[in-house]
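Chains, contacts and geometry: an overview
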Amino acid sequence: MAVRIRSLVVRLVGAAVLAVLLLVASTALAIWWTARQDSRPTSDAIVVLGSAQYNGVPSSIFEARLEHALKLYEQGVAPVIVTVGGKAAGDQFTEAEAGAQYLAEDGDVPDDALLAIEEGVDTLESMRAVGRAFAERGWESAVLVTDPWHAMRAERMAEDAGITAESSPTRQGPAVQTRTTQFRYILRETAAYLLYRVTGESVAGAPGIG
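Residues numbered from 1 in each chain as written. Predicted model: local features only at pLDDT ≥ 70, side-chain atom pairs only at ≥ 80, totals over all residues. Heavy atoms only, no water.

1. A word on helix 2 (residues 60–74)
Here helix 2 spans 21 Å end to end across 15 residues, near enough to the 21 Å set by a 1.5 Å rise per residue. Taken residue by residue, helix 2 has Ile61, Phe62, Ala64, Arg65, Leu66, His68, Ala69, Leu70 and Leu72 as its buried positions. If you follow the buried residues of helix 2, they end up packed against strand 1 (45–49), strand 3 (57–58), strand 4 (81–84), helix 3 (95–106), strand 6 (141–145) and helix 6 (179–199). Once helix 2 finishes, glycine 76 follows within two positions and takes phi at roughly 85°, a positive value. (Helix = DSSP H or I, 4+ residues; strand = E, 2+ residues; numbered from the N terminus. Expected span 1.5 Å × (residues − 1). Buried < 20%, exposed > 50% of the residue type's maximum accessible area, 1.4 Å probe, protein only. Contact = heavy atoms within 4.5 Å.)

What follows is the structure, given as structure tokens:
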């Protein structure tokens with residue numbers, strides 16, 4: 001009897017481990033697949049997910065996102081570019097402010113085509129803030145601009161915030177330079193995505209993780 005019970009426990013544990021491995025593998029594959037897509041439907045707004053800025057100057061990762069959003073705007077994907085993101089302790093500028101300033105000065109985007117939502121220390125907080133801004137304005141749809149590996153989680157969080165979202169990821173910048181970098185980001189995003197689906201919470205960290 002004891003042998004049968006032990007055998008059953010071993011099988012159950014093995015099945016559970018296999019299920020977890022399959023979940024992780026399928027999630028990583030979905031992140032990779034989403035990263036390769038580029039959706040540009042006509043929408044209410046283009047939403048640029050924030051990243052680091054230095055005294056009002058966007059980091060190379062952030063600049064790549066802003067330049068991509070500018071191209072989408074010039075192609076008529078949406079009449080407004082939304083920049084989003086708060087600031088760390090000691091910063092003088094928010095990510096949203098730095099992004100909007102960059103687009104106004106370097107991209108010649110008019111003020112009435114820019115909306116800076118200066119909230120959020122991670123993707124979840126930012127997307128919830130964007131969701132509230134969309135609801136106030138009667139907007140429903142958005143094209144999200146972020147790094148490829150971040151796209152699937154950003155889409156999920158945007159949809160949970162009441163936005164019909166698709167993504168047009170950047171193809172430039174440090175996040176896509178090498179295979180090693182790409183693999184590391186996919187692993188991180190897999191963990192972050194599963195954590196969000198299980199807990200409904202986010203985790204702050206390196207770009208594309210918070």
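2. A look at helix 5 (residues 151–160)
For helix 5, the tally of buried residues reaches seven of 10 residues, placing the bulk of the element in the interior. Within helix 5, the full set of buried residues consists of Ala151, Met152, Arg153, Ala154, Glu155, Met157 and Ala158.

3. Focus on the layout of surface pockets
Looking at the second largest pocket, its volume works out to about 180 Å³. Taken together, 12 residues line the second largest pocket, and the ones lying closest to its centre are Trp32, Arg36, Trp149, Arg179 and Gln182. Top element by residues in the lining of the second largest pocket is helix 6. It accounts for four residues. (1 Å grid on protein atoms, 1.4 Å probe; cavity = no way out; pocket = protein on both sides within 12 Å on 5 of 7 lines; lining within 4 Å. Points joined across faces, edges and corners; volume = space filled by probe spheres on them.)

4. As for the pairing of strand 7 (residues 164–167)
In strand 7, alternate side chains face the same way, and those of Ala165 and Ser167 are buried while those of Thr164 and Glu166 on the opposite face are not. The parallel pair strand 6 and strand 7 is bridged by helix 5, and the resulting crossover is right-handed. (Right-handed = clockwise from strand over helix to strand, strands pointing away.)

5. A short note on the side chain of serine 141
With respect to the element layout, serine 141 can be found in strand 6. Overall, serine 141 belongs to the buried group, its relative accessible area being 19%. Those residues in contact with serine 141 that sit more than four places away from it in its chain are Thr42, Ser43, Asp44, Ala45, Phe134, Ile163 and Thr164.

6. Description of the pattern of salt bridges
Note on pairing: side chains with opposite charge can pair once their charged atoms come close. What the rule picks out here adds up to five salt bridges. The shortest N-O distance in the salt bridge between arginine 65 and aspartate 147 comes to 2.9 Å. Placement of the pair is arginine 65 in helix 2 and aspartate 147 in the loop between strand 6 and helix 5, with a sequence separation of 82 residues. Given the relative accessible area of 1%, arginine 65 is considered buried. Residue glutamate 189 is joined to arginine 153 by a salt bridge in which the shortest nitrogen-to-oxygen separation is 2.8 Å. Within this pair, whereas glutamate 189 is found in helix 6, its partner arginine 153 is found in helix 5, the two being separated by 36 residues in sequence. What makes glutamate 189 buried here is its relative accessible area of 1%. (Salt bridge = Lys/Arg side-chain N within 4 Å of Asp/Glu carboxyl O.)

7. Quick notes on the packing of aromatic side chains
Applying the stated criterion across every chain, the model contains one aromatic pair. Considering the side-chain rings of phenylalanine 134 and tryptophan 139, the 5.3 Å spacing of their centres and the 90° angle between planes classify their relative orientation as edge-to-face. Since its relative accessible area comes to 1%, phenylalanine 134 is described here as buried. Of note, arginine 137 hangs over the ring of tryptophan 139, and the distance from its end group to the ring centre comes to 5.8 Å. (Phe/Tyr/Trp six-rings, centres within 6.5 Å; stacked < 30°, edge-to-face > 60°. Lys NZ or Arg CZ within 6 Å of the ring centre and 35° of its normal.)

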